Amino acid sequence: MDLSTILGIVSAFVLMIVAISQGGGVLLFINIPSFIIVIGGTFGATLVHYPFKDVFGTLAIAKKTVIHQEELPQTRIEQLVRFAGKARKEGILSLQVVMNEVSDAFFLKGLQMAVDGQEPGALKEMLEREIEYIQERHEKGADILVAMGTYAPALGMIGTLIGLVQMLQTMNDPSTIGPAMAVALLTTFYGAVIANIVCMPMAGKLKNRSQSEVLDKTLVAEGLKSIIAGENPRIIEQKLHAFVAPKQRQSNFSKKKG
Amino acid sequence: MDLSTILGIVSAFVLMIVAISQGGGVLLFINIPSFIIVIGGTFGATLVHYPFKDVFGTLAIAKKTVIHQEELPQTRIEQLVRFAGKARKEGILSLQVVMNEVSDAFFLKGLQMAVDGQEPGALKEMLEREIEYIQERHEKGADILVAMGTYAPALGMIGTLIGLVQMLQTMNDPSTIGPAMAVALLTTFYGAVIANIVCMPMAGKLKNRSQSEVLDKTLVAEGLKSIIAGENPRIIEQKLHAFVAPKQRQSNFSKKKG
Amino acid sequence: MDLSTILGIVSAFVLMIVAISQGGGVLLFINIPSFIIVIGGTFGATLVHYPFKDVFGTLAIAKKTVIHQEELPQTRIEQLVRFAGKARKEGILSLQVVMNEVSDAFFLKGLQMAVDGQEPGALKEMLEREIEYIQERHEKGADILVAMGTYAPALGMIGTLIGLVQMLQTMNDPSTIGPAMAVALLTTFYGAVIANIVCMPMAGKLKNRSQSEVLDKTLVAEGLKSIIAGENPRIIEQKLHAFVAPKQRQSNFSKKKG
Amino acid sequence: MDLSTILGIVSAFVLMIVAISQGGGVLLFINIPSFIIVIGGTFGATLVHYPFKDVFGTLAIAKKTVIHQEELPQTRIEQLVRFAGKARKEGILSLQVVMNEVSDAFFLKGLQMAVDGQEPGALKEMLEREIEYIQERHEKGADILVAMGTYAPALGMIGTLIGLVQMLQTMNDPSTIGPAMAVALLTTFYGAVIANIVCMPMAGKLKNRSQSEVLDKTLVAEGLKSIIAGENPRIIEQKLHAFVAPKQRQSNFSKKKG
Amino acid sequence: MDLSTILGIVSAFVLMIVAISQGGGVLLFINIPSFIIVIGGTFGATLVHYPFKDVFGTLAIAKKTVIHQEELPQTRIEQLVRFAGKARKEGILSLQVVMNEVSDAFFLKGLQMAVDGQEPGALKEMLEREIEYIQERHEKGADILVAMGTYAPALGMIGTLIGLVQMLQTMNDPSTIGPAMAVALLTTFYGAVIANIVCMPMAGKLKNRSQSEVLDKTLVAEGLKSIIAGENPRIIEQKLHAFVAPKQRQSNFSKKKG
């Protein structure tokens, strides 16, 4: 559960609404046709850019910016080092038992391959390819949000141009110029808000998520390879610690060492 | 058949036309000379940038954003695993028979090479080089659309500058300023619409198509290499599944396994 | 001879001139001082950026966007496969005879090295390095045009700022504001035209030329390596076909094959 | 202690305040609601983009742009060459003694591994992976500042659009237009200042810091590998000098040499 | 001595001054406070971005855009081929004699290593790493100029915003609006000139210099490696010619060859 996504969006919108309501009515900033042209046009351009299933899939993925459970790297390392100790003492096949405490599908697949007697090199190659394709698929969600964040301001500008042309063609009464121009600017405003407060930051968070998921899976791939190769758990821990920040390096072993 | 391309463009244009007609006549937004300068100028700049045959080839390729048949990854994997089983039981030469059910030229070439007795390494190298060059050629279509999407707003701005200079030079009658400026802004409007609703999103879809085609061909290359190497179909399936999302992994084999 | 470059520039300019002449006199758009500040300033900035000989060399290279003879890939492949057959039947030294029908300096150098008895690996390495440096040199011309296409709009904006400051400082007579602003906008107009219709598209065409030249040289390097290695001409053809689009694959051999 | 960061920010702000106070009151440029909308909105967008702990961690990292102690490359090389001499004369285990004079955790870990009898290749691989991940973590701070420097001008523009719409909707009294527009422009001003004087340059300095830290760690990794391999200290010095500018190459050895 | 840098800057400034003086007084464009805010602010932001010594080092490096002596590639190749001949006839140690005619420190270091009996592979690896770090250091100067060229227009815009806010807050007398706005625009003008005529083009020239220096050093590294390996001078020449344009390939040997 990542509250920063919700808190960030809510606080930015609250600030804008407060600023708006201080300077006059909030109603001045609500214009349904302007809203439809920006949202609908952005959605249309995005559908030209990506197939249906990818666009609607993004809505599901966008949930991930709020709800997600993340395995902490130190927990994962601790788990891998424990499994390494078990495998060393009781043999690779003993890992069959620990598969119950693993819920991650990728880790399970790797353990299954280890138990099935795969070579360390072959296992690592297959897991690394899987990581590569996981990353590619995960970043598609971020890419779609970036595309929406690019089309939204463009559609905002198109909406403003429509409003300006209409205003300029029919400006008989000078008193209508101001309000007409105000309405014309609303689409630019909507486009900027959608892009800079919703789409672009959410795309950024999805990319961050993908990175930490790739780190987790890299730890698993690297750890399993070392486990199959029968390396010393202490050495495995040292290797895996290289992937994380010093303060996340909690050793399973006492620190007294020659 | 990809309806999202058509639906996206149509819905975006319908929204704009509705927004325009609500605020006055649609005719205000139709100006043939403005349209010619943006479209013609964009086309001219694109011809300077790319040779004739590439520019006109793009029109043919642009069809691909709507009409295309895509082999689903799971179908392709199922097919490759089936062929692997056949080749293992009846020998590589038995693949001659299955060539009738393959329509993809790339797959056929690979099968022919397999039947001709190519080495796994040589076959994979040749197919991978072919994939690389396929990708390069396919992305040229997307690049041309990106170029058009870059020149269109620039030509729109050039058209607006022409209109502004003319208006400013001859503004004796203040009542003509508004309409003259409205007409001057139309080229910017056309340029923004062409770029953001047509060219850029279509370029994006072509790049997506290229990606999924490359995935399909990579599965074929990887699968054929494993088939020639005489690998176990179950292992081949496991390898190929690494390329696709977990929900696309439908095993040919029963899932009961030690 | 590439007519698309000329046709593109001419058609874009004709369209602009027609649009301009419809809306008033073409003379309104001709202002020698404005033109000098954009062209001269762009040239000045380019001279700061690149040494003399590179800037003037670009003028020579720019010719290449119009006049150039390109070896079609299929012709080159046909030639290489023919040489491969000759070398296989009559020995590598027989290639001495065919050097008369080759005009490309790179191909000649490669043939000479082959006749001199170079190893396939050494020959390919040397030719590939040469390709790399050819590419680097060729893209310098494109880079200079991109630089000019970046400085031109900047100088256009600088010119407009000069005009605006002068107009704002001396606006006693309101009737002079319009024409003064029109003149100020001309430099922006010139900058946009130079960048988007001349420099950027021509830079793009030079890059395309470089790509197809690199493809040609890659075919030569790959083909010669295979010829020296004494590979079967049929296999060589198959290898080289991987570099080109399927419709450019015209086999030298009859297509009847098991 | 890096005074240039403080001096740069202070001097830029002093210049602006002087320029502002010359042209009127500084108070004209202080508008709390405008300030809140830019700062708060930027912070909100950044929280959507990055998780809490990363955003607040940046504040800690930003200190590094001012306070930091850097090991000079020449000092580090001198130290490594000295250790190499000791290890050569008295054996690798003698390095245990010198660990007291090393404070850098990365160097200590490397020395410990050397004393523990790691292979040169394995040690270098582990240290290089650690360098890679150190770099990734360090650049996250810079990335967050870049994100803030991107959102700040966008929020500035959003604030200005809000002000413009309010002004245009209610412009009954022409005398209020000027001040209202002045206030509307303040958010754009705040956004530009935050981005271009604070966020972007500080992100740049963090990237520079990361680079020089990576150089230091690369020297350590390269040096330790050579020490374990038992190379001649003179050769090690020559190797390490390749990483630094000629004027930083102070030899430990007399320069008289055949 | 590279006159194009000076000539480019001088001609661009002369053109601007002529254009300005034709349209009124040059004094209109001189405003010390505006100048100080752009120059001082740009310098401040650059100091936040880079440490003192790098910023002031850039001033020294900027000289290189004008004064520099460049070794022509063909001269360098001729020299290397000559040394190769000498080394082949009289042994590697005979290169000690020719070290007097070499002034480049990098070349000298390489020769010293050759005479000291380094392996070809080790020598090339060390020289290549040195080239890599030379390039990194050299491009820092260009990067700083690019940063200045990015901050200057931003500071120009900030200055203009300050001027606009002041003008809008106090526009009681309409006759002062024009001149006040003219002054406000001057900072944008200064920013654009500094960026597009000074900083960006000079950064480009520094990058060019770095490239040709890297080419020179690459020729030396490649040539020395071949000399130590005892290769035929004729083959060495052929190898080195691959790095340069055909018209720079002047053979040391007569061209009559089978």
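Everything numeric in this text was worked out from a predicted model, so none of it was measured.

Criteria and cut-off values
- Residues numbered from 1 in each chain as written.
- Chains lettered and ligands numbered in written order.
- Predicted model: local features only at pLDDT ≥ 70, side-chain atom pairs only at ≥ 80, totals over all residues.
- Heavy atoms only, no water.
- Helix = DSSP H or I, 4+ residues; strand = E, 2+ residues; numbered from the N terminus.
- Buried < 20%, exposed > 50% of the residue type's maximum accessible area, 1.4 Å probe, protein only.
- Contact = heavy atoms within 4.5 Å.
- Areas by Shrake-Rupley, 256 points an atom, 1.4 Å probe, with all protein chains shown as cover.
- Lys, Arg positive; Asp, Glu negative; His and termini not counted.
- Charge placed at Lys NZ, Arg CZ, Asp CG, Glu CD.
- Buried area = accessible area lost by both parts, 1.4 Å probe.
- Salt bridge = Lys/Arg side-chain N within 4 Å of Asp/Glu carboxyl O.
- Polar contact = N/O pair within 3.5 Å; in protein donor to acceptor, adjacent residues only side chain to side chain.
- Nonpolar A, V, L, I, M, F, W, Y, C, P; charged D, E, K, R; others polar.
- Expected span 1.5 Å × (residues − 1).
- Arc of directions from axis to C-beta.
- Least-squares fit on C-alpha atoms with pLDDT ≥ 70 in both.
- Axes fitted to C-alpha atoms, helices over the stretch in contact; angles between N-to-C directions.
- Parallel < 35°, antiparallel > 145°, perpendicular 65-115°, else oblique.
- Left-handed = near helix turned anticlockwise from the far one by under 90°.
- pLDDT = per-residue confidence, 0-100.
- Patch = residues over 30% accessible without salt bridge, like charges linked within 9 Å, V, L, I, M, F, W, Y side chains within 5 Å.

**Student:** Teacher, can you tell me more about the overall build of chain A here?
**Tutor:** Within chain A, the regular secondary structure consists of nine helices and zero strands. Seen in sequence order, chain A has helices and strands lined up from the N terminus as α-α-α-α-α-α-α-α-α. Principal axes of the C-alpha set define a box for chain A whose edges measure 90 × 40 × 30 Å. Burial statistics for chain A: of 258 residues in total, 53% are counted as buried. The long-range share in chain A, meaning contacts at least 24 apart out of those at least 6 apart in sequence, stands at 75%. Taken as a whole, chain A presents about 11100 Å² of accessible surface, with 62% of it coming from carbon and sulfur. Here chain A contributes 25 positively and 23 negatively charged side chains, and the mean placements of these two sets differ by 6 Å.

**Student:** Looking at this structure, how should I read the interface of chain D and chain E?
**Tutor:** The figure often quoted for interface size is the accessible area lost as the parts come together. With 51 residues of chain D at the interface, the matching set in chain E holds 38 residues. Surface buried jointly by chain D and chain E totals about 3800 Å² across both partners, of which 68% is contributed by carbon and sulfur atoms. In this structure, the connection of chain D to chain E is made through one salt bridge. Viewed at the interface, chain E and chain D are joined by eight residue pairs in polar contact (both at pLDDT 80 or more). For the side of chain D that touches chain E, the elements supplying multiple residues, two or more each, are α1 (3–22), α8 (177–228) and α9 (233–241) of chain D. Of the residues belonging to the side of chain D that touches chain E, the class tally is 30 nonpolar, 15 polar and six charged.

**Student:** Just checking my understanding: could you explain the arrangement of the chains for this structure?
**Tutor:** One finds no contact between chain C and chain D; the C-alpha atoms of the two approach each other to within 18 Å at their closest. Kept free of each other, chain A and chain E leave a smallest C-alpha distance of 18 Å between them.

**Student:** Explanation requested: the interface of chain B and chain A in the structure shown.
**Tutor:** Chain B puts 51 residues into the contact, and the matching count from chain A is 38 residues. Contact between chain B and chain A buries roughly 3700 Å² in total, counting both sides, with carbon and sulfur atoms accounting for 68%. Taken together, the links from chain B to chain A amount to one salt bridge. Note that Arg129(A) is salt-bridged to Glu222(B), the shortest N-O span being 3.5 Å. If you look at where chain B meets chain A, you find seven residue pairs in polar contact (both at pLDDT 80 or more). Elements supplying a minimum of two residues to the side of chain B that touches chain A: α1 (3–22), α8 (177–228) and α9 (233–241) of chain B.

**Student:** What is the right way to read helix α1 (residues 3–22) of chain A from this model?
**Tutor:** Because an α-helix completes one turn every 3.6 residues, residues spaced three or four positions apart along the sequence face the same direction. Here α1(A) contains 20 residues, and its C-alpha end-to-end distance of 28 Å stays within 8% of the 28 Å for a straight helix at 1.5 Å per residue. The set of residues buried in α1(A) consists of Ser4(A), Thr5(A), Gly8(A), Ala12(A), Met16(A) and Ile20(A). An end-on view of α1(A) places all buried positions within 130° of arc, on one side of the element. On its buried face, α1(A) sits against α8 (177–228) of chain A together with α2 (32–49), α3 (52–63) and α7 (120–169) of chain D. Directly beyond the C-terminal end of α1(A), a positive phi value near 145° is found at Gly24(A).

**Student:** What exactly am I supposed to notice about the relation of the copies chain B and chain A here?
**Tutor:** Each copy of the chain is related to the other by a rotation around an axis and a translation along that axis. By a simple turn and slide, chain B fits onto chain A: the slide is 0.1 Å along the axis, the RMSD is 0.1 Å, and the turn is 72°. These values place the two chain copies in the arrangement generated by a five-fold rotation axis. Looking at the rotation axis and the C-alpha trace of chain B, the residue lying nearest is Pro174(B), at 11 Å.

**Student:** Whenever I open this one, the pattern of salt bridges confuses me. Can you help?
**Tutor:** Working definition: two side chains of opposite charge can pair if their charged atoms are close together. Summed over all chains, the structure comprises 65 salt bridges over all chains. Linking Lys217(B) and Glu213(B) is a salt bridge whose minimum nitrogen-to-oxygen distance equals 3.9 Å. A residue pair is termed a helical-turn pair when its members lie 3 or 4 positions apart in one helix, as Lys217(B) and Glu213(B) do in helix α8 at four residues. On the basis of relative accessibility, which here comes to 6%, the residue Lys217(B) falls in the buried class. On the accessibility criterion, Glu213(B) (25% relative accessible area) is partly exposed. Between Glu90(E) and Lys86(E) there is a salt bridge; the shortest N-O distance is 3.3 Å. In this pair, Glu90(E) and Lys86(E) are both assigned in helix α4 (residues 73–90), four residues apart and thus about one turn of the helix distant. Relative accessible area serves as the criterion here: at 51%, Glu90(E) is assigned to the exposed category. For Lys86(E), a relative accessible area of 23% puts it in the partly exposed group. Taken together, the salt bridges that share partners define one network made up of Lys124(A), Glu128(A), Glu222(A), Glu125(D) and Arg129(D).

**Student:** It is not clear to me how the environment of Asp54(E) should be interpreted in this structure. Could you clarify?
**Tutor:** All names here are of chain E. With respect to the helices and strands, the residue Asp 54 is situated in helix α3 (residues 52–62). With 86 residues separating them along the chain, Asp 54 and Lys 140 place their C-alpha atoms 8.1 Å apart. When sequence neighbours within four positions are dropped, the list of residues in contact with Asp 54 reads Lys 140 and Ile 144.

**Student:** Just checking my understanding: could you explain the packing of helix α4 (residues 73–90) of chain D against α9(D) for this structure?
**Tutor:** Think of two packed helices as two axes; the pair is described by the angle between the axes and how far apart they sit. Residue and element names in this part refer to chain D. At a minimum axis distance of 9 Å, the contact between α4 and α9 shows a crossing angle of 155°. Taken as axis vectors, α4 and α9 run roughly antiparallel relative to one another. Considering only the axes of α4 and α9, their crossing is right-handed. Counted together, Ile 77, Leu 80, Val 81, Ala 84, Gly 85 and Arg 88 of α4 and Pro 233, Ile 236, Glu 237, Leu 240 and His 241 of α9 form the full contact between these two elements. Its residues assigned to classes, the contact of α4 with α9 shows seven nonpolar, two polar and two charged.

**Student:** It is not clear to me how the confidence of the model for chain A should be interpreted in this structure. Could you clarify?
**Tutor:** Interpreting fine coordinate detail is not advised for predicted regions of low pLDDT. Residue and element names in this part refer to chain A. Taken over all residues, the pLDDT of chain A has a mean of 86, while the share at 70 or more is 97%. Across chain A, the element-wise mean pLDDT spans from 81 in helix α3 (residues 52–63) up to 93 in helix α2 (residues 32–49). Scored by ipTM, the complex comes to 0.87, with pTM at 0.90.

**Student:** Would you explain a nonpolar patch on the surface in this entry?
**Tutor:** On the surface, Phe52(A), Phe56(A), Leu59(A), Leu3(B), Ile6(B), Leu7(B), Val10(B), Val14(B) and Val18(B) cluster together into a nonpolar patch covering about 770 Å² of accessible area. At the level of secondary structure, the elements contributing two or more residues to the nonpolar patch comprise α3 of chain A together with α1 of chain B. Take Phe56(A): it is sitting in helix α3. By relative accessible area, which is 41% here, Phe56(A) ends up partly exposed.

**Student:** Quick question: what am I supposed to make of the packing of helix α6 (residues 105–115) of chain C against helix α8 (residues 177–228) of chain C here?
**Tutor:** Residue and element names in this part refer to chain C. For the pair α6 and α8, the least separation of the axes is 10 Å and the interaxial angle reads 15°. As judged from the angle between their axes, α6 and α8 are roughly parallel. Regarding α6 and α8, the two cross each other, and that crossing is right-handed. Touching Phe 106, Phe 107, Gly 110, Leu 111 and Ala 114 of α6 are Lys 217, Val 220, Leu 224 and Ile 228, all from α8. Residue composition of the contact of α6 with α8, grouped by class: seven nonpolar, one polar and one charged.

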